[in-house]
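# Understanding the architecture of this molecule
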Amino acid sequence: MQPTKVTIPVPAKDPKKKEEEKPEQDAKAATAKKIKDEEKEGEDLSEEDLQLKNELEMLIERLREPNTELYRPALETLRTLIRTSTSSMTSVPKPLKFLHPHYPGLQSLYETWPPSEDKSLFADILSVLAMTYSDTQPRGTLRYRLLSASLRPAAAPLSEPGSWGHEYVRHLAAELGEEYSLREFDEEGVEKESEENKVPGTVDDLRKLAVECATFLLQHNAEPDAVDLLEELEIVDRIVDLVDENTYERVCQYMIRCVNLLPPPDDISFLKTAHSIYAKHNKFPQALSLSIRLGDPALIRRDFNAPANPAMKKQLAFLLARAQVPKEWLETPTEDGMDDGESELPEDLVECLSNTRLSSQFKEFGKELNVLEPKSLEDVYKSHLENTRPTTTVDSAKANLAGTFVNAFVNAGFGNDKLMAKAEEGNSWVYKNKDHGMLSATASLGLSLLWDTDEGLSQVDKYTYSSEEYIKAGALLATGILNTGVRTEADAALALLGEYVENKSVPLKTSAIVGLGLAYAGSQREDIMMLLLPYVSDDSLSMEIASLTSLALGFIFVGSGNGEIASTILQTLMEREDKQLDEKWARYMVLGLALLYLGLQDASDATIATLKAIEHQISQLAVVLVDMCSFAGTGNVLKVQELLHYCDEHIEKAPKEKKDEKDATPEEPPKDDTFQAFAVIGIALVAMGEEVGAEMSLRQFNHLMHYGEPIIRKAVPLALGLVSASNPQLPIMDTLSKYSHDSDLQVALNAIFAMGLIGAGTNNARLAQMLRQLAGYYYKEPDCLFMVRIAQGLVHMGKGTLTINPFWNDRTIMSRTAVAGLLATLTAFTEAKGFILDKYHWFLYFLVPSMSPRFLITLDEDLNNIPVSVRVGQAVDVVGQAGKPRTISGFQTHSTPVRLGTTERAELATEEYIPFAHVLEGFVILQKNPGWEKEDKMDM
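Worth saying up front: this structure is predicted, and the values here are computed from it rather than measured.

Attention shifts here to the packing of helix H40 (residues 745-758) against helix H41 (residues 765-777). Their axes nearest at 11 Å, the elements H40 and H41 cross at an angle of 160 degrees. By the angle between their directions, the pair H40 and H41 is classed as roughly antiparallel. Crossing of H40 over H41 shows left-handed handedness. Taking contact as the criterion, the partners of Ile 752, Met 755 and Ile 758 in H40 are, on H41, Leu 767, Met 770, Leu 771 and Leu 774. Split by residue class, the contact of H40 with H41 holds 7 nonpolar, no polar and no charged.

Put simply, Thr 896 and Pro 897 share a cis peptide bond, and its omega is 0 degrees. Looking at where Pro 897 falls in the secondary structure, it is placed in the loop between strand S7 (888-895) and strand S8 (898-899). Not every positive phi belongs to a glycine, and Gln 324 is a case in point at roughly 55 degrees. Topologically, Gln 324 is positioned in the loop between helix H18 (310-322) and helix H19 (347-353). On the accessibility criterion, Gln 324 (14% relative accessible area) is buried. We note that Leu 863 has phi near 65 degrees; this positive angle belongs to a residue other than glycine. By the secondary structure assignment, Leu 863 is in the loop between strand S5 (855-859) and strand S6 (869-875).

A few words on the environment of Ser 148. Within the secondary structure, Ser 148 sits in helix H9 (residues 140-151). Apart from residues no more than four positions distant in its own chain, Ser 148 is found in contact with Ser 120, Ala 123, Asp 124 and Leu 158. At a separation of 2.9 Å, a polar atom in the side chain of Ser 148 contacts the main-chain carbonyl oxygen of Ser 120.

Contact geometry for helix H17 (residues 297-305) and H18: axes closest at 9 Å, N-to-C directions at 150 degrees. With respect to H18, the element H17 is oriented roughly antiparallel. Here H17 contributes Ile 300, Asp 303, Phe 304 and Asn 305 to the contact with H18, which in turn contributes Lys 313, Leu 316, Ala 317 and Leu 320. When grouped by side-chain class, the residues that make up the contact of H17 with H18 number 5 nonpolar, 1 polar and 2 charged.

Below, the discussion takes up the sheet that holds strand S11 (residues 922-928). As summarised here, the arrangement of the 4 strands in space is S8-S5-S11-S10, forming an open sheet in which the pairing is mixed. The open sheet is flanked by S8 and strand S10 (913-915), the only strands paired with a single partner. As judged from the 3 bridges shared by S10 and S11, these two strands associate in the antiparallel manner. Opposite Tyr 913, over in S11, you have Lys 928 as the bridge partner. The strands that H18 touches are S5 and S11; relative to S11, the one it contacts most, it runs at about 165 degrees. Each of S5, S8 and S11 is contacted by helix H20 (residues 358-368), which is oriented at about 105 degrees to S5, the strand it contacts most.

Moving on: a negative patch on the surface. Residues Asp 538, Asp 539, Glu 575, Glu 577, Asp 578, Asp 582, Glu 583, Glu 615 and Asp 672 make up a contiguous surface patch of negative charge. Position of Glu 583 among the secondary structure elements: in the loop between helix H31 (578-581) and helix H32 (586-596). The class of Glu 583 is partly exposed, set by a relative accessible area of 34%.

This next bit is on the pattern of salt bridges. One pass over the structure, following the stated rule, counts 32 salt bridges. Between Glu 212 and Arg 145 there is a salt bridge whose closest N-O contact spans 3.8 Å. Pair noted here: Glu 212 is in helix H11 (residues 203-219) and Arg 145 is in helix H9, with a separation of 67 residues, a long-range link. Residue class for Glu 212 comes out partly exposed when judged on its relative accessible area of 23%. Among the salt bridges present, the one from Glu 831 reaches Arg 587, with a minimum N-O distance of 3.6 Å. A residue pair is termed long-range when its members are at least 10 positions apart, and Glu 831 in the loop between helix H43 (816-829) and strand S4 (852-853) and Arg 587 in helix H32 qualify at 244 residues. On the basis of relative accessibility, which here comes to 29%, the residue Glu 831 falls in the partly exposed class. Since its relative accessible area comes to 8%, Arg 587 is described here as buried. Residues joined by salt bridges that share partners form a network here, namely Arg 72, Glu 76, Arg 79, Glu 117 and Asp 118.

Turning our attention to the pairing of S5. Along a regular strand, successive side chains alternate from one face of the sheet to the other. Counting buried positions over the 5 residues of S5 gives 5, a clear majority of the element. Residues Phe 855, Ile 857 and Leu 859 line one face of S5 and the alternating positions Leu 856 and Thr 858 line the opposite face, and both faces are buried. Of the strand pairs in this sheet, S5 and S8 are connected by 2 bridges, and their pairing is antiparallel. Bridge pairing links Phe 855 to Arg 899 in S8. In this sheet, S11 lies alongside S5 in parallel orientation, the contact comprising 4 bridges. For Thr 858, the partnering residue across the bridge sits in S11 and is Val 924.

It is worth spelling out the sheet that holds S6 at this point. By way of backbone hydrogen bonds, the strands of a sheet pair with one another, either parallel or antiparallel. Pairing in this open sheet of 3 strands is antiparallel, and the strands run S7-S6-S9 from one edge to the other. In this open sheet, the two strands that pair with only one neighbour each are S7 and strand S9 (904-908). Ignoring which end each strand starts from, the neighbouring axes of this sheet average 30 degrees apart. Relative to S7, S6 runs antiparallel, the two being bridged by 6 bridges. Following the sheet pairing, Arg 871 is matched in S7 by Thr 893.

About the thresholds
- Residues numbered from 1 in each chain as written.
- Predicted model: local features only at pLDDT ≥ 70, side-chain atom pairs only at ≥ 80, totals over all residues.
- Heavy atoms only, no water.
- Axes fitted to C-alpha atoms, helices over the stretch in contact; angles between N-to-C directions.
- Helix = DSSP H or I, 4+ residues; strand = E, 2+ residues; numbered from the N terminus.
- Parallel < 35°, antiparallel > 145°, perpendicular 65-115°, else oblique.
- Left-handed = near helix turned anticlockwise from the far one by under 90°.
- Contact = heavy atoms within 4.5 Å.
- Nonpolar A, V, L, I, M, F, W, Y, C, P; charged D, E, K, R; others polar.
- Buried < 20%, exposed > 50% of the residue type's maximum accessible area, 1.4 Å probe, protein only.
- Polar contact = N/O pair within 3.5 Å; in protein donor to acceptor, adjacent residues only side chain to side chain.
- Pairing = 2+ DSSP bridges.
- Patch = residues over 30% accessible without salt bridge, like charges linked within 9 Å, V, L, I, M, F, W, Y side chains within 5 Å.
- Areas by Shrake-Rupley, 256 points an atom, 1.4 Å probe, with all protein chains shown as cover.
- Salt bridge = Lys/Arg side-chain N within 4 Å of Asp/Glu carboxyl O.
- Lys, Arg positive; Asp, Glu negative; His and termini not counted.
- Charge placed at Lys NZ, Arg CZ, Asp CG, Glu CD.

Structure follows, in structure tokens:
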């Protein structure tokens, strides 16, 4: 029987259960029970506990006595006892435990007291006790807290909520959120009577209390809780005044990470608040990167002009150049009359802003990495490893065409490839292609000489005098390509291409227009708009010209919401004949419109409403495209759901009457289902902004692939390619590998291209191996083989130094021009037979705006390269973690310049230099750390 003796603690739990039942019984029964309980409990309590219990009970008796003199000292003692009782984290503090049964009695006693300072103190104590009753009487803590505050004279306000301890503040914070959400339903400040008005005070009182709680939380390393509380009460902007130099960094990081998970207006307000905090603490690069995300010209200008340090300004200029921010935004608007002397930026800043150093630095970088040598096609294909039968005759024009692109992508930016740039006279690769193949071949020169405006123009120049129309057209496109992302004083692209826009020849005209679109992507130049807009509205021109002009304008004014262009395109869509809108080109006209609203969220509502009014079927496609572009990269869940709904519509090719089609009469042509393909790509476009959403979308794509219509199945691989561009993750690679053997050749084709997209510029060995196997598998299918070659070229893009992932700056900022480039390319693949495999293979060059170098180059303050040792490893998300955890894992130490993968992050290995930028990627300017040498001397 011994074991039973050991289990003494059992009775200690018993009374507790009974305590919990107590509120339901009336007070008399409770007191009778209490006497019994005490006899039981007395056995288990230690001496100190008993003494404390009796003392507390005596104090409560005092409060019931008629003598008002005794109230104040009794309450003071109670308060001291509760505050000084610290017990372990896991158990309820002793005084609260003993006072728990008396709470209902004290509540009724409180109601009988007349208003006085004593009553306020009493309410304050009840507010703490209410924590033990939060399940049966919700928001009691808050109610008594506010009652107590209302009873104090203005001169002597209540003590801080923090004086009652952390748990109390957290309780208050939780109840504030609940209370606020209950109040919102009626007009601001008008209290609902139906609530029996449990909680006094106006919304402003709630907010004032919330600010007090937030201040306490910020001082005690609970930054996320403080942000959440203020967000619940919709006053997150007030946190700007609460943070200090110790807490602001963590608060901003948390807020920025939240942006992807918030519904619209809140995400913008979070960004703006974090921006104000950074600006207040003079963290210029951080502030500027947020203004770039907000895309607000006034903010960008203010941030750019804030620092006085010239080196810091150069660093900011590099950021703006990477973001392709129009230079005009930085000049002070002339209306202010402050034009004198301010409009001209200093020479060195203009150089940083216009990215003119990019080419020389990129070649330097290639030299450091030992990849300057041009790669031949054989180096990429490694066809000796393919197990093909050598007897086959391949469509050699197609093979040469593939070679054109592979050579261009692989040697992009180095300007020394053997086929084009450094070919011997008269032996140029151009002549190994025929007709439209020559266009792509000549244009590939522009890609090889990417960003190198001086050398490039002189090389391309000789082709502009060719008698062959296609070569001339290719030269125009090359001019546009090599100016992509680089702005020059001379404006060579506009000067050279402008005159050809009016040309009668279609290839010359389209090349010039698209060339302008590429060269000035993101620059929002009004003069080019004036030049190109007439070609959108002119009804006599073919759909091809109008659509490509619309696309070029979409590139130049990407994400600007320009009303003039939008209304012109809408007008055209309404006026064109149905037959023209049925053409494959119409999707590019609509894409041009959609790109204007890239990332603008709700700003496109009016346009969408107008689109719905168009009678032609294209309106459905247009609505999907504009909608998905507006929310690109936001991770907005509701938009993803909306796009999924478009995909589950089952479209009969032989039309039957359906409720959602106004115009489905049997004589009508079958309903166009292209919009479903774009809805699938749209899911990827919206979800790619944040990792959780991107991962969840993979599962949706899997379902769509199983149960979708053919048009949807064709688009799924493209969506997979977009969702992890230049980021070859194993599961996606395997999925695409499976789709690349699909029985539907269209799906296989797109899957092969998507393999190129996810591996773009990574040199991924596994992907290269898969593609070699595919080359063997499809040796009899010229189209698929062509695509395999292109994908191989993409994987080795820039010999592994380029990326097409649109997110940069630690994957926080989405480059709008890059997204525009990716979308334009994917659009061509929604109808691969009509575009890429037909005469328009040069649409592959739409990828150029999204190609950017993935390097970290460290410069001194005079912009000369300095080698520094840096650690490069996988980026780790440390937001909201305690202490100072490592931000990278599994790092290797390199000397700069160094190549960064899509998910990698770099940090300086020593404290010898201080970087001006907060994220180490691209060009980073370093400053010698003044405290560094002194330490060295001491060591000696």
